[in-house]
Amino acid sequence: MTKAERQKRMEEDLIRMKAYEERLYREGNRCGKIEYIAGVDEVGRGPLAGPVVAAAVILPPDFAVLGVNDSKKLSEKRREELYDVILGEAVDWSIGMRDPEVIDRINILEATKEAMAEAVAGLRKRPDHVLIDALTLPSLEIPQTGVVKGDANCLCIAAASIVAKVTRDRMMAEYHKMYPAYGFDRNKGYGTKAHYEGIEKEGICPIHRKSFLKKILQSG
């Protein structure tokens, strides 16, 4: 693919991914006219260690940065670049998270919902509508829409996925300094061979999710 073709594809993706927001700005919702739309996404539902992290991001209506997409589709370098751009241009943004103790106590799905709700609650600007990747939040007293594969199909959700991913990756790199045996700087807490070897050698550490390691803990 040539540079011109990549540019054209990114421009087309931007138009496609702004459709949810533009429809809301144009049509409003049950509460009337829309001024602020927040996109919400999370990272870290699958790892064996570390928190689940959610981000809520309100982009300006004229946000036109190319390349914003599902964070999983981007290189680490590109995520870092877009993270700075998104936070620099966002109307508002916020982070919510739940640590392994909470995940073990209430399960990962409920912990994810709590982290998302916390991210929305942390916004200084109250959104008129919230677009959420895949889920809806019963506790949220704001009009909301769950968007299937929202991180790949909705611009503000994609922006939130990047902010959440970079935030969590940086946290896991710091945890690696505290618990170097598990390779958290590389695997971010996911169950890689090196991670399992670290558990076998050192046992679990304070940021491991015990509910995700029941077989290992029982066999030990």
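Here, every reference points to the structure presented above.
My aim in this report is to walk through the structure given alongside it, one point at a time. (Residues numbered from 1 in each chain as written. Predicted model: local features only at pLDDT ≥ 70, side-chain atom pairs only at ≥ 80, totals over all residues. Heavy atoms only, no water.)

**Digging into the layout of surface pockets**
Alright, step 1. By volume, the largest pocket amounts to about 220 Å³.
Alright, step 2. The leading source of residues in the lining of the largest pocket is helix H7 (residues 155–178), at four residues. (1 Å grid on protein atoms, 1.4 Å probe; cavity = no way out; pocket = protein on both sides within 12 Å on 5 of 7 lines; lining within 4 Å. Points joined across faces, edges and corners; volume = space filled by probe spheres on them. Helix = DSSP H or I, 4+ residues; strand = E, 2+ residues; numbered from the N terminus.)

**Things to note about the nonpolar core**
Buried together is how nonpolar side chains tend to be arranged in soluble globular proteins.
Alright, step 1. If you look at the biggest cluster of nonpolar residues, it comprises 34 residues, and the most contacted ones within it are Val57, Leu59, Val68, Ile86, Leu131 and Ile162.
Alright, step 2. Elements supplying a minimum of two residues to this core: helix H1 (3–17), strand S1 (37–43), strand S2 (52–58), helix H3 (76–89) and H7.
Alright, step 3. Examining the composition of this core, we find that 11 residues originate from one element, H7, more than from any other.
Alright, step 4. Not counting residues within four places of it along the chain, the set of residues in contact with Val57 comprises Ile37, Ala38, Gly39, Ile86, Ala90, Asp92, Trp93, Cys156, Ala159, Ala160 and Val163. (Core = buried A, V, L, I, M, F, W, Y, C linked by side-chain atoms within 4.5 Å. Buried < 20%, exposed > 50% of the residue type's maximum accessible area, 1.4 Å probe, protein only. Contact = heavy atoms within 4.5 Å.)

**Here's the deal with the sheet that holds strand S3 (residues 92–98)**
Alright, step 1. Spatial ordering of the open sheet is given by S3-S2-S1-S4-S5, a layout of five strands whose pairing is mixed. Since the sheet does not close on itself, it has two edges, and those belong to S3 and strand S5 (144–147), each with one partner. Averaged over all adjacent pairs, the angle separating strand axes in this sheet is 20°, with direction ignored.
Alright, step 2. Pairing geometry for S1 and strand S4 (residues 129–133), over four bridges, is parallel. Within the sheet, the bridge partner assigned to Gly39 lies in S4 and is Leu131.
Alright, step 3. Seen against the sheet, helix H2 (residues 19–27) touches S1, S4 and S5 and runs at an angle of roughly 160° to S4. (Pairing = 2+ DSSP bridges. Axes fitted to C-alpha atoms, helices over the stretch in contact; angles between N-to-C directions.)

**Structural notes on the pattern of salt bridges**
Alright, step 1. Inspection of the entire model under this criterion finds 14 salt bridges.
Alright, step 2. The partner of Lys72 in a salt bridge is Asp151, with the nearest N and O atoms 3.1 Å apart. With a gap of 79 residues between them, Lys72 in the loop between S2 and H3 and Asp151 in helix H6 (residues 150–153) connect regions that are remote in the sequence.
Alright, step 3. Assessed through its relative accessible area of 63%, Lys72 is described here as exposed.
Alright, step 4. We note a salt bridge from Asp169 to Arg79, for which the minimum N-O separation is 3.6 Å. (Salt bridge = Lys/Arg side-chain N within 4 Å of Asp/Glu carboxyl O.)

**A short note on the side chain of His176**
Alright, step 1. Assignment of secondary structure puts His176 in helix H7.
Alright, step 2. Relative accessible area serves as the criterion here: at 18%, His176 is assigned to the buried category.
Alright, step 3. Discounting chain neighbours no more than four positions away, the residues touching His176 are Gly183, Phe184 and Asp185.

**Focus: H3**
Along an α-helix, residues three or four positions apart point the same way, because every turn accommodates 3.6 residues.
Alright, step 1. With 14 residues, H3 extends 20 Å from end C-alpha to end C-alpha; this agrees with the ideal 20 Å at 1.5 Å per step.
Alright, step 2. Turning to H3, its buried residues are Arg79, Leu82, Tyr83, Ile86 and Leu87. Down the axis of H3, the buried set is contained in an arc of 130°. They therefore lie on one face. Facing away from the buried side of H3 by more than 90 degrees, the exposed set consists of Lys77, Asp84 and Gly88.
Alright, step 3. Packed against the buried residues of H3 are S2, S3 and H7. (Expected span 1.5 Å × (residues − 1). Arc of directions from axis to C-beta.)

**Topic: the pairing of S1**
Alright, step 1. Along S1, seven of the seven residues are buried, which leaves the element largely enclosed by surrounding structure.
Alright, step 2. The side-chain alternation of S1 yields two buried faces, one formed by Ile37, Gly39, Asp41 and Val43 and the other by Ala38, Val40 and Glu42.
Alright, step 3. Where S1 lies against S2, six bridges are found, and the strand directions are antiparallel. Its bridge partner being in S2, Glu42 is matched across the sheet by Ala54.

**Some words on the packing of aromatic side chains**
Alright, step 1. This structure, assessed with the given rule, holds one aromatic pair.
Alright, step 2. Centre to centre, the rings of Tyr182 and Phe184 are 5.3 Å apart; their planes meet at 20°, and the pair counts as stacked. The same class applies to Tyr182 as to Phe184, namely buried.
Alright, step 3. Above the face of the Tyr20 ring, Arg23 is positioned so that its terminal group lies 5.7 Å from the ring centre. (Phe/Tyr/Trp six-rings, centres within 6.5 Å; stacked < 30°, edge-to-face > 60°. Lys NZ or Arg CZ within 6 Å of the ring centre and 35° of its normal.)

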